[in-house]
2 protein chains.
Amino acid sequence: MYALGMVSLRLCAGLAVRGSGLCVNTLRRFSGITASQIDEEVARLLELKAQLGGDEGKHQFTLKTAKGTRDFNPKQMAIREKVFNTIVGCFKRHGAETIDTPVFELKETLTGKYGEDSKLIYDLKDQGGELLSLRYDLTVPFARYLAMNKILNIKRYHIAKVYRRDNPAMTRGRYREFYQCDFDIAGQYDPMIPDAECLRIVYEILTELELGEFRIKVNDRRILDGMFAVCGVPGDKFRTICSTVDKLDKMSWADVRGEMVKEKGLSEEAADQIGQYVSMQGGMDLAERLLQDPKMSQSKQACAGLTDMKQLFSYLQLFQVTDKVVFDLSLARGLDYYTGVIYEAILTQNGPIPIPEAGEKGEECVSVGSVAGGGRYDGLVGMFDPKGRKVPCVGVSIGIERVFSILEQKAEASAEKVRTTEVQVMVASAQKNLLEERLKLTAELWDAGIKAEVMYKKNPKLLSQLQHCEDSGIPLVAILGEQELKDGVVKLRAVHSREEVDVPRAELVEEIRKRTSEV
Amino acid sequence: MYALGMVSLRLCAGLAVRGSGLCVNTLRRFSGITASQIDEEVARLLELKAQLGGDEGKHQFTLKTAKGTRDFNPKQMAIREKVFNTIVGCFKRHGAETIDTPVFELKETLTGKYGEDSKLIYDLKDQGGELLSLRYDLTVPFARYLAMNKILNIKRYHIAKVYRRDNPAMTRGRYREFYQCDFDIAGQYDPMIPDAECLRIVYEILTELELGEFRIKVNDRRILDGMFAVCGVPGDKFRTICSTVDKLDKMSWADVRGEMVKEKGLSEEAADQIGQYVSMQGGMDLAERLLQDPKMSQSKQACAGLTDMKQLFSYLQLFQVTDKVVFDLSLARGLDYYTGVIYEAILTQNGPIPIPEAGEKGEECVSVGSVAGGGRYDGLVGMFDPKGRKVPCVGVSIGIERVFSILEQKAEASAEKVRTTEVQVMVASAQKNLLEERLKLTAELWDAGIKAEVMYKKNPKLLSQLQHCEDSGIPLVAILGEQELKDGVVKLRAVHSREEVDVPRAELVEEIRKRTSEV
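Quick caveat, the model's predicted, so the values are computed rather than measured.

Chemist: So, the sheet that holds strand 15 (residues 489-494) of chain A: which residues are in play, and what are the values?
Modeler: All names here are of chain A. On the basis of which strands lie adjacent, the open sheet formed by five strands has the order 13-12-14-15-16 and mixed pairing. Because the sheet does not close on itself, it has two edges, and the strands there are strand 13 (452-454) and strand 16 (500-504). Between one strand axis and the next, the sheet turns by 30° as a mean value, whatever way the strands run. Where strand 12 (residues 425-429) lies against strand 13, three bridges are found, and the strand directions are parallel. Bridge assignment links methionine 426 to a residue of strand 13, and that residue is glutamate 453. Sitting on the sheet, helix 16 (residues 435-447) is in contact with strand 12, strand 13, strand 14 (476-480) and strand 15, with an inclination near 160° to strand 12. Where helix 17 (residues 462-472) meets the sheet, it contacts strand 12, strand 13, strand 14 and strand 15, and its direction lies at approximately 170° from that of strand 12.

Chemist: Could you give me a rundown of helix 7 (residues 193-208) of chain A, with the residues and numbers involved?
Modeler: Residues and elements named next belong to chain A. Between its first and last C-alpha, helix 7 extends 23 Å over 16 residues, near the 22 Å set by a 1.5 Å rise per residue. In terms of burial, helix 7 is a largely internal element, 14 of the 16 residues being buried. Immediately beyond the C-terminal end of helix 7, within one or two residues, lies glutamate 210, with a positive phi of roughly 55°.

Chemist: So what's going on with the UniProt feature "binding site: L-histidine" (unreviewed entry) in chain A? Which residues, and what values?
Modeler: Residues and elements named next belong to chain A. Here, UniProt's "binding site: L-histidine" (unreviewed entry) annotation points to Asp137, Leu138, Thr139, Arg164, Gln180, Asp184, Arg333, Tyr337 and Tyr338. Inspection of the secondary structure puts arginine 333 in the loop between strand 8 (325-328) and strand 9 (341-348). Sequence-distant contacts of arginine 333, that is, excluding residues within four places in its chain, are made with Arg221, Asp246, Tyr338, Ile342, Tyr343, Glu344, Gly373 and Gly374. Residue placement: tyrosine 338 occurs in the loop between strand 8 and strand 9. The residues touching tyrosine 338, leaving out its near neighbours within four places in the chain, are Arg221, Arg333, Gly374, Gly375, Arg376 and Tyr377.

Chemist: Can you lay out the environment of alanine 169 of chain A for me, pointing to particular residues and giving the numbers?
Modeler: Along the chain, alanine 169 of chain A falls in the loop between strand 4 (154-163) and strand 5 (177-186). The exposure class of alanine 169 of chain A is buried, given its relative accessible area of 13%.

Chemist: Give me the lowdown on the side chain of arginine 221 of chain B, citing residues and values where you can.
Modeler: All names here are of chain B. For arginine 221, the position within the fold is in helix 8 (residues 221-230). Exposure remark for arginine 221: the relative accessible area of 2% places this residue in the buried category. Only 3.4 Å separates the side chain of arginine 221 from the backbone oxygen of tyrosine 338, close enough to count as a polar contact. Setting aside residues up to four positions removed in sequence, arginine 221 forms contacts with Arg239, Cys242, Ala332, Arg333, Gly334, Leu335, Asp336, Tyr338, Thr339, Gly340 and Ile342.

Chemist: A description of the sheet that holds strand 12 (residues 425-429) of chain B should follow, citing residues and the corresponding values.
Modeler: Residue and element names in this part refer to chain B. Strand order in the open sheet formed by five strands is 13-12-14-15-16, with mixed pairing between adjacent strands. Each edge of the open sheet is held by one strand with a lone partner, namely strand 13 (452-454) and strand 16 (500-504). This sheet shows a mean twist of 30° between the axes of neighbouring strands, independent of strand direction. Summarising the sheet, strand 15 (residues 489-494) and strand 16 pair through five bridges and their orientation is antiparallel. Residue pairing in the sheet places leucine 492 in a bridge with valine 501 of strand 16. Along the sheet face, helix 16 (residues 435-447) touches strand 12, strand 13, strand 14 (476-480) and strand 15 and points at about 160° away from the line of strand 12.

Chemist: Give me the pairing of strand 15 of chain B: which residues, what numbers.
Modeler: Among the six residues that make up strand 15 of chain B, five are buried, leaving the element largely enclosed by the rest of the structure. Count of turn residues in the strand 15 of chain B/strand 16 of chain B antiparallel hairpin: five residues, of which arginine 498 of chain B carries a positive phi of about 65°.

Chemist: Tell me about the side chain of threonine 65 of chain B, residues and numbers included.
Modeler: Residues and elements named next belong to chain B. You can see threonine 65 is positioned in the loop between helix 3 (35-55) and helix 4 (74-93). For threonine 65, a relative accessible area of 10% gives the class buried. Polar contacts involving the side chain of threonine 65 include one to the main-chain carbonyl oxygen of threonine 69, which spans 3.1 Å.

Chemist: Quick one: what's the story with the pattern of salt bridges, residue by residue and with numbers?
Modeler: All names here are of chain A. As enumerated under the stated definition, the model contains 78 salt bridges over all chains in all. Note that lysine 310 is salt-bridged to glutamate 288, the shortest N-O span being 3.9 Å. Of this pair, lysine 310 sits in helix 13 (residues 300-318) while glutamate 288 sits in helix 12 (residues 284-292), and the two are 22 residues apart along the sequence. Residue lysine 451 pairs with glutamate 422 through a salt bridge whose shortest N-O separation is 3.2 Å. Highlighted residues: lysine 451 in the loop between helix 16 and strand 13 and glutamate 422 in the loop between helix 15 (401-413) and strand 12, separated in sequence by 29 residues.

Chemist: Report on unusual backbone geometry, specifying residues and quantitative values.
Modeler: Even without glycine at this site, lysine 150 of chain A takes up a positive phi of about 50°. Its place among the elements puts lysine 150 of chain A in the loop between helix 6 (139-148) and strand 4. Owing to a relative accessible area of 61%, lysine 150 of chain A belongs among the exposed residues under this scheme. For methionine 192 of chain B, which is not glycine, the phi torsion reads 75° and is therefore positive. Note that methionine 192 of chain B resides in the loop between strand 5 (177-186) and helix 7 (193-208). Look at methionine 192 of chain B and you get buried, because its relative accessible area is 3%.

Chemist: Could you give an account of the packing of helix 7 of chain A against helix 13 of chain A, with specific residues and numbers?
Modeler: Residues and elements named next belong to chain A. Running from N to C, helix 7 and helix 13 point in directions that differ by 50°, and their axes come no closer than 9 Å. Between helix 7 and helix 13, the crossing angle belongs to the class labelled oblique. When you trace helix 7 past helix 13, the crossing you get is right-handed. Each of Ile193, Asp195, Ala196 and Leu199 in helix 7 lies in contact with helix 13, whose residues at this interface are Leu312, Tyr315 and Leu316. Its residues assigned to classes, the contact of helix 7 with helix 13 comprises six nonpolar, no polar and one charged.

The rules behind each value
Residues numbered from 1 in each chain as written. Chains lettered and ligands numbered in written order. Predicted model: local features only at pLDDT ≥ 70, side-chain atom pairs only at ≥ 80, totals over all residues. Heavy atoms only, no water. Pairing = 2+ DSSP bridges. Helix = DSSP H or I, 4+ residues; strand = E, 2+ residues; numbered from the N terminus. Axes fitted to C-alpha atoms, helices over the stretch in contact; angles between N-to-C directions. Contact = heavy atoms within 4.5 Å. Expected span 1.5 Å × (residues − 1). Buried < 20%, exposed > 50% of the residue type's maximum accessible area, 1.4 Å probe, protein only. UniProt positions renumbered as here; feature names shortened; annotations may be inferred. Polar contact = N/O pair within 3.5 Å; in protein donor to acceptor, adjacent residues only side chain to side chain. Salt bridge = Lys/Arg side-chain N within 4 Å of Asp/Glu carboxyl O. Parallel < 35°, antiparallel > 145°, perpendicular 65-115°, else oblique. Left-handed = near helix turned anticlockwise from the far one by under 90°. Nonpolar A, V, L, I, M, F, W, Y, C, P; charged D, E, K, R; others polar.

Okay, here's the thing in structure tokens:
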């Protein structure tokens, strides 16, 4: 009876996909068919697949990292460390604490948070137990953390890797495993003050990293929705039309309009009205002008967004960052969870690009792409709270893979060598049979907190010891010989100038400290 | 024709598992049945399962982290940062570079490296493309990195999370996601010099972290194998008997002996001979004595290991760490890839435990458990190199979850508060309508690199501003009022002493720096 059911299920499963999809109804008619039985069937089929695979030709061992991922070598790590220091320094300057969350979450924690992008989530294999997925960003785990710990306000940063099964474009810095550096402010505060601080943070970080000119686009989900409403977009099409508008940084208006009308069935009239708005860029003045706009002012939502936008710009003026910030009605951003202000920072390749005057049409600019983005998400924590209690949040995420790429290229081009260690001194000898003495002195230096290296050879050549210093930028060599041991001194050699001086052993640590603190 | 084939396959798949497993042969008779067709079937079944799931009662949302994982809150992160600073400081003092590798590897990269523990590896779901697994340790990815980049020598550290589907025991610091801090030296060098440095590193780190007394056990795989051989263990039983010996830190000798004889079929005589050896602990003298041992000296392998052990102890004496290091013949370690020296550091709960004299039987000690371990693995890189070229390696892994637990408990017990931010000054006001002035001053401080906070309220109460400083340990408050603005000063208040002094605005940054650098 059971076996017969399974056979029919299998027959039916095949038809369901190839055929009309009516099979689920048929399926329900078999009593006792459950998800766990399907699991068993799946396991059986995969077992078969494994057996098939085992015989299909010889195993070829592949020496590579997984698609879309990469190793960081010591040079890249040295650059990465510098970038992180700058970013963490900024986050700490703004008084943020830090938290950490696991690399995977319950699958259901991530479900329904990312809209169309959900298909890019990495799932873990069901090996018994919970269904898990790798985190897709740091925002949803943060919201889960707040709800789980009933935290009503916090200012926190989180730097960690996130995972997306996207089409990798590694030369342009798009990976499947990549870092996000997130800063978020959760809590019920007066409007736009935390939002302005987030933008100030983007400004500070991009300035400090010396990546060249950048621009921060700002918009508001409420302005977008209000705009769609007054332009005659049906309510159920807001999200999908929003996704199309989001493509304006990659596609021309003509193409975007085409997609709206032909693919998404929007009226030409509505599309053209949207076209007028999304070409607008400006500052506080644009917000003021739109508040007077006969059409826009009909939307309560848009008016709320525009009033806040004015307020935001007034704070940005106090924070002295308005030279890089543009209110840009074409900025949409893909993720579902934003509810208010949204922003995105782009590097502008060809030198400074003037911020257009209010109403002036934004000129086309070749962007290296987005390096930071974020916005307000007042509803996300409530999605996790059993009682739906809301915790308003605003935050920004710095996407630093592109930053790494740019700084790596800069380092390549520069004559200056990137040091990958911080070694201050190499303990060396020109004579044989002094390994024990070298090890003893090295341990003395370690005890004093000096960063010291010694070659792992019984009798290394002096030249190869000096060569190692040249290669890895070690500034000093402490040379031991029979004579030095007898005299109670160490010959301290400056690698760059090749000057040598005998230093009494008791003064060596102090001398090394003095010489290397000057750098 | 195709559809019919699939139906039969499905029928067959069901029978294969329930029945005799002969189905694969039947399967091959259907021409054109491939793994990708099975994939399609699997996808169909899973689709059905998802549809079924939607109807099976109401969804219960679970607000938790995945089993065996945890979040780190800001206090825990502050402790973690301190621990990492100590460890990284030590690694850098020893001249190590750092690298990073992806969190997942091709599944085949991890296959055949971990012996019985392989079942604990987390696999990713097959969503099309490569088969991936989460890294189980940092050593195998390191070896893959060396082979892939043809690196013949490097001294590197790597701090990152690893994943094991083990039975979690979170109160004892055993998690499914946990940090490892690895330091490894790869390269062809004179024997035991890098090995001695690894032990010195464990010694330095455990001392600096102030975790109480510890002991580092040392042994050598060659000594173990030689011992097994001379005790009459059949060659094919070396690994499994080794696993049993490894349990001596958790089980009594009687139980270990029982497992060897009853479960693993070893002769009682052989077991008893092993029993005599594994009770031995000592130092260089024990190595010397065993070299003279009539039985042990028959094994070439054992002699090579014992000679190296003597050499190791001579270097450890120069490094001044022999007070904590014991040559312990019962140390086995589970992983397959070790080829020479192995070691493990344990915290000894009840104060100092005397290192037994040579030949004296080691007394039972209650150990909090292993906090570091490692050894030499000269064959691992060769397993990845297409031409099998070997790169000798030795390394150590600090397992810091237990360290975190201990330091968290210490922090709980201590009267001193753990600060989770580094904010130097809070910009406050006692009067209304000064938000703009507060924001302006805060931005000035940020510009000067001062860590400063401001409340995100238009008119916060002075008391709540001061309370926030108390709560989060901010030492200074810069208070603005109408009078101060008129006079061009800021009232600087020391939170602890409540002293207030007017500071000219132009001197404020300098004054804050002076006051907070004293701390």
